Amino acid sequence: MPPPADDDSAPGDDPATGALADAYAAVPLLNCLLREVARPVRREGDRRVHRLPGTGRLLRVRGTRRPAEPEIEVTGTWHRVGHTELVKLVAEELRRHTGLSNHELPAEMLDSRDAVAALLSARARAVPPDDTYRRSEQALLTGHTHHPAPKARGGGPTARWLPYAPEAYARFPLVLLGLREDTVVEEGDTSALDGLGTAPPGYRLLPAHPWQLELAAQELAAAFADGRLIRLGTTASDAWPTAAIRTLYTPERDLFLKFSLDVRITNDIRRLWRHDLLAVRRTDAAVRAAFERFDGPSAWLSDRGYRTAGFAFEALAVLVRDGFTGRLLPGTVPVLAAGLVEGFDGSPLDRAADPALWWAAYLAQVVPPALTAFAEHGVVIEAHLQNTLVAVDADGLPVQALYRDAEGVKLLPDVTRQAGWERLVYCLVVNHLIEIAGALTERHPEFDPWPAARRELARHGLPEIPALLTSPTLPAKTNLLLRWTGADGADARYRPLPNPLRQGT
């Protein structure tokens, strides 16, 4: 569901599209500012007033889950703040709040807004996909609900990235490369790659993301010149990008392929880094073993193996991930949890006439595998919205959870139990359950989702659960401050957030 539109169109925008882009872009930026920096002061009807401690200014917004219509008090009068002015306001507040300057992040905030405008225009000309699963993966115009620039695409020209954007319903063939056999580096089961085409003698097949080939052109020029790499055309059928942008799904082969992409998306440059690739087989095996022992319908989409070039280990890496065959319950349809939060045509949330029934079924599928993997196997899956798929039956009722992405998995004792638990609580509860609960109660304002969530969590005998259910706060990742201070994207820092699981809150 789109947020209310502000009227602060950038030059060259269609006014209606620009206003809608401003509104979309303001939501996650305001969410970050209000969670990480601002201090609540009072309520004024359906508006909330906050003080910005760095500048001392008062900020007023409408709504809670999706804040909109920001206003600043000037000499006793409220003045609407457009998106460009909001970015300046946030930057000045953070400079005073942290004592640090940052010229990159404001540019990313503006880039993120401009990307939304381009996506809105592209979607207006495109035909939405018929497939419900694909619509759920390609629905995320807002994206990460608590990131200051969730739609930034590296600041490049729109024409460079738009053909590969999931939010624009993109689909395209993969580029097929021949990689000289003596330069191949691979681990695990990569046999599925060989079915994508035919390589000449002395070469192995290596699919590539066309955008990444463009981004890495200078790095790869010598290998094309001396024959270590040759171009073999493209795949016979299209792939389409999932919400992760660099992970593509090939429906004809029921296969996911994850590529490097030398672009900053949210907190990180999205390369398949060497250290992650070298660790992925160990982490994936641990998760796979945990799910195989779990007594329930949940499934893990395994990262089977990777193939790359020794001379361009990260730039050309491709990770092979399981598809749905043999994992998805028969007669069900998978949907992305993040798509449920964003909303899309055909969302099962829109058919949930009985919110208590739907929510209990959802909790029963997504919570047990994540907690059991931690409790019994020391595995911390990254159970956030973009890594969780939920299979629904013909009535739209959740009947299975499918998790993915071994790159974000942590294992005990590589991390301490306390750090692992904090990460799991953030991913599963703060990033995931709170957002799904918000989307559900937006449709059913009278429904209280938290008694059922407390019951589901209390069923699990982890020693950390009593404290989770009674703590006044939960750990919320500070993406705005992480990016402003230049911290590593994986260096999670948390701020206390009021805990809705605590009775009486």
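Residues numbered from 1 in each chain as written. Predicted model: local features only at pLDDT ≥ 70, side-chain atom pairs only at ≥ 80, totals over all residues. Heavy atoms only, no water.

J.: Got a sec to walk through the layout of surface pockets? Specific residues and values, please.
T.: The space that makes up the second largest pocket amounts to roughly 1100 Å³. Lining of the second largest pocket is provided by 33 residues; of these, R48, T64, R65, I434 and L497 occupy positions nearest its centre. Of all the elements in the fold, those that place two or more residues in the lining of the second largest pocket are α1 (15–36), β1 (39–44), β2 (47–51), α11 (417–443) and β24 (494–498). When residues of the lining of the second largest pocket are assigned to their parent elements, the largest contribution, six residues, is made by α11. Classifying every residue of the lining of the second largest pocket by side-chain character gives 14 nonpolar, eight polar and 11 charged. (1 Å grid on protein atoms, 1.4 Å probe; cavity = no way out; pocket = protein on both sides within 12 Å on 5 of 7 lines; lining within 4 Å. Points joined across faces, edges and corners; volume = space filled by probe spheres on them. Helix = DSSP H or I, 4+ residues; strand = E, 2+ residues; numbered from the N terminus. Nonpolar A, V, L, I, M, F, W, Y, C, P; charged D, E, K, R; others polar.)

J.: Give me the pattern of salt bridges: which residues, what numbers.
T.: What the rule picks out here adds up to 45 salt bridges. E69 is the partner of R47 in a salt bridge, and the nearest nitrogen-oxygen pair spans 3.0 Å. Note that R47 is positioned in strand β2 and E69 in strand β4 (residues 68–74), a separation of 22 residues in sequence. The partner of R65 in a salt bridge is E442, with the nearest N and O atoms 3.1 Å apart. Placement of the pair is R65 in the loop between β3 (58–62) and β4 and E442 in helix α11, with a sequence separation of 377 residues. Of the residues examined, R65 reaches a relative accessible area of 18% and is grouped as buried. (Salt bridge = Lys/Arg side-chain N within 4 Å of Asp/Glu carboxyl O. Buried < 20%, exposed > 50% of the residue type's maximum accessible area, 1.4 Å probe, protein only.)

J.: Run through the sheet that holds strand β15 (residues 299–301), naming residues and quoting values.
T.: One open sheet accounts for four strands, arranged β15-β21-β20-β18; its pairing is mixed. Of all strands in the sheet, those with a lone pairing partner are β15 and β18 (333–336), marking the two edges. Averaged over all adjacent pairs, the angle separating strand axes in this sheet is 30°, with direction ignored. Alignment of β15 against strand β21 (residues 398–404), held across three bridges, turns out to be parallel. For W300, the partnering residue across the bridge sits in β21 and is Y403. Sitting on the sheet, helix α8 (residues 274–292) is in contact with β15 and β21, with an inclination near 160° to β15. (Pairing = 2+ DSSP bridges. Axes fitted to C-alpha atoms, helices over the stretch in contact; angles between N-to-C directions. Contact = heavy atoms within 4.5 Å.)

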